[in-house]
Amino acid sequence: MTKVIEAVAKLKLEGEKDEKDEKEEEAKKKLTLEELAQNLSKGVYKKIVVLTGAGISVNAGIPDFRTPGTGLYSQLEKYKLPFPEAVFTLDFFQDTPEPFFKLASEMFAKKFVPTKSHYFIRMLAEKGLLVRNFTQNIDNLEAESGVDPEKLIQAHGTFTTSHCTGCHEAVSPKEMMECMQAAKPMMCPKCGKPCKPDIVFFGENLPKRYFEHENELVDSCDLLVIMGSSLVVTPFCNLAVSIGKDVPRLIINRELPEMLESHKRAGDVFMPGDCDESVAKLVRLVGWEKEFAGMMEQREKYAKKHKLALPEVESKLRAPVTKAGAVAKPKSAPKAVPAAAPKKPKSKAKSKPKAKDKK
Ligand SMILES: [Zn+2]
């Protein structure tokens, strides 16, 4: 009898040991931030693809789209839209272009200083590590920070060119900018239909260039960096899962995108919170402070050249660090950063282009 009890106890112990070994094995495979930083430092990653979204432009003073309360969509109430995305919907725009031009006068017809996160991408490019930066942003701040346009895929289009939505005739970007600044719809001199900048509206295709390069992720990428995107707009969000299972993914975002929560991988490293703060931390861990300081000088030069002040939100990042390592609180909470953690976005994946038209 005792022997049986002993045998059972032994079996139980072995079972527990197996489970423990399995967990240890899993933990060993799990890439840590420190390991990833070390790999970057040692030059293990040579082909980096960066995916960017509105979160990296928040500190420039441009609200993101989906953060409840401060996001762009929740500030559109004054335009009395049938639904927030209507402002970027082609059918609605053709009948009612006014809300878009009002929004454009407040948001897009101004200059902004690129953030630390934008300059981090430029640094990767200058080190020869950046294969491509796919961006969902239409603010052009990646290019403004000095990222080579050749490396940049503006998946949701650009303000640099404009067309009529009726006869598709190209119209003057300068005139378009003047109309946006004046919050006045630009109508086509030929057919009378409203004209719009070549940013991708719901119901439109993504630029050809996007489809020409989307497979690069599968073919040539040894590190994927996702910055400031909650990955809810297709097909852009699919880029995050289309890469090989063994390719590590560094996710720098306020929250872990829901999509990645359900597709976790051992090579995922998540840095929660403010993108610029995470970038500063990463730069320290990798030992790139000197090069990054050079980038910050470039940034100050940019601000000076365009007679722009560095955004107010920056004061929080530049505040003296207390003994405990905590950053001293700014006098007033910056508008772009909500005090409470934002709720998860209600909206499911939004389909921007017509996927069936994809070649
Ligand atoms: Zn026309």
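Residues numbered from 1 in each chain as written. Predicted model: local features only at pLDDT ≥ 70, side-chain atom pairs only at ≥ 80, totals over all residues.

Considering the overall build of the chain
Looking only at helices and strands, one finds 14 helices and 11 strands in the chain. The burial tally for the chain puts 36% of its 359 residues in the buried class. (Helix = DSSP H or I, 4+ residues; strand = E, 2+ residues; numbered from the N terminus. Buried ≥ 20, exposed ≤ 12 C-beta atoms within 10 Å, placed from the backbone.)

Section: the environment of Gln38
Among the structural elements, Gln38 can be located in helix α2 (residues 33-42). By C-beta crowding, Gln38 is classed as partly exposed, having 14 other C-beta atoms within 10 Å.

Considering the sheet that holds strand β4 (residues 157-164)
Spatial ordering of the open sheet is given by β5-β4-β6, a layout of three strands whose pairing is antiparallel. Lying at the two open borders of the sheet, with one neighbouring strand each, are β5 (170-171) and β6 (195-199). Two elements, β4 and β6, share four bridges in a ladder whose sense is antiparallel. Across the sheet, residue Gly157 finds its bridge partner in β6, namely Ile199. On top of the sheet, helix α7 (residues 173-181) reaches β4, β5 and β6; it is set at about 100° to β4, its chief contact. (Pairing = 2+ DSSP bridges. Contact = placed C-beta atoms within 7 Å. Axes fitted to C-alpha atoms, helices over the stretch in contact; angles between N-to-C directions.)

Focus on α2
Side chains three or four residues apart in an α-helix point the same way, a direct result of the helix having 3.6 residues per turn. Those residues of α2 not exposed but buried are Leu36, Ala37 and Leu40. Down the axis of α2, the smallest arc covering the buried residues is 100°, so these residues share one side. Facing away from the buried side of α2, by more than 90 degrees, are the exposed residues Glu34, Ser41 and Lys42. Against the buried residues of α2 lie β9 (249-253), β10 (268-272) and α12 (275-286). (Arc of directions from axis to C-beta.)

A word on the pairing of strand β1 (residues 48-52)
Note on strand geometry: in a regular strand, side chains alternate between the two faces of the sheet. Among the five residues of β1, five are classified as buried, and the element is accordingly described as predominantly covered. Here β1 shows no split at all, with Ile48, Val50 and Thr52 on one side and Val49 and Leu51 on the other all buried. Direction of pairing for β1 relative to strand β2 (residues 130-135): parallel, over a ladder of five bridges. Looking at the pairing, Leu51 lines up with Phe134 of β2.

As for the sheet that holds β1
Strand order in the open sheet formed by six strands is β3-β2-β1-β7-β9-β10, with parallel pairing between adjacent strands. Unpaired on one side and paired on the other, β3 (152-154) and β10 mark the two borders of the sheet. The sheet shows a mean angle of 15° between the axes of neighbouring strands, direction not considered. Sitting on the sheet, helix α5 (residues 116-126) touches β1, β2 and β7 (223-227), and the angle it makes with β2 is about 150°.

Topic: the confidence of the model for the chain
The predicted structure's coordinates, where accompanied by low pLDDT, should not be read in detail. Averaged over all residues, the pLDDT of the chain equals 82, while 76% of them reach at least 70. For the chain, per-element mean pLDDT is lowest for helix α14 (residues 314-318), which scores 44, and highest for α5, which scores 98. Long-range and interchain partners of residues 313-359, a stretch whose pLDDT sits below 50, account for 61 contacts in this model, where long-range means more than four residues apart. (pLDDT = per-residue confidence, 0-100.)

Considerations on the nonpolar core
Within the largest apolar cluster, 69 residues are counted, with the highest numbers of intra-cluster contacts made by Ile48, Val50, Leu124, Leu224, Val225, Ile226 and Ile252. If we skip the residues at most four places from it in the chain, Ile48 touches Leu124, Leu129, Leu130, Val131, Leu223 and Val225. The next biggest cluster of nonpolar side chains, apart from the first, holds seven residues, and it includes Val58, Ala60, Ile62 and Leu141. (Core = buried A, V, L, I, M, F, W, Y, C linked by C-beta atoms within 7 Å.)

Some points on the packing of α5 against helix α13 (residues 289-305)
Orientation of α5 relative to α13, taken along the N-to-C sense of each, is 120°, at an axis distance of 10 Å. As summarised for this structure, α5 and α13 are arranged oblique, according to the angle between their axes. Here α5 and α13 pass one another in a crossing that is right-handed. When α5 is examined against α13, the residues Tyr119, Arg122 and Met123 are found in contact with a partner set consisting of Glu291, Phe292, Met295, Met296, Gln298 and Arg299. Class assignment for the residues of the contact of α5 with α13 results in five nonpolar, one polar and three charged. (Parallel < 35°, antiparallel > 145°, perpendicular 65-115°, else oblique. Left-handed = near helix turned anticlockwise from the far one by under 90°. Nonpolar A, V, L, I, M, F, W, Y, C, P; charged D, E, K, R; others polar.)

Some words on the environment of Glu169
If you trace the backbone, Glu169 turns up in the loop between β4 and β5. Residue classification places Glu169 among the partly exposed residues on the basis of 14 C-beta atoms within 10 Å. Sequence-wise, Glu169 and Cys195 are 26 residues apart; in three dimensions their C-alpha atoms are separated by 8.9 Å. Setting aside its immediate chain neighbours within four residues, Glu169 contacts His163, Cys164, Cys188 and Lys190.

Points about unusual backbone geometry
With an omega of 0°, the peptide bond running from Thr234 to Pro235 counts as cis. Its identity is not glycine, yet Asn140 carries a phi of approximately 65°, on the positive side. Among the secondary structure elements, Asn140 is positioned in the loop between β2 and α6 (141-144).

Describing the packing of α5 against α12
The N-to-C vectors of α5 and α12 enclose an angle of 40°; their axes lie 8 Å apart at closest approach. One element, α5, and the other, α12, form an angle in the oblique class. Residues Lys116, Ser117 and Phe120 of α5 lie in contact with α12, whose contacting residues are Cys275, Asp276, Val279 and Ala280. Taken together, the residues that form the contact of α5 with α12 break down as four nonpolar, one polar and two charged.

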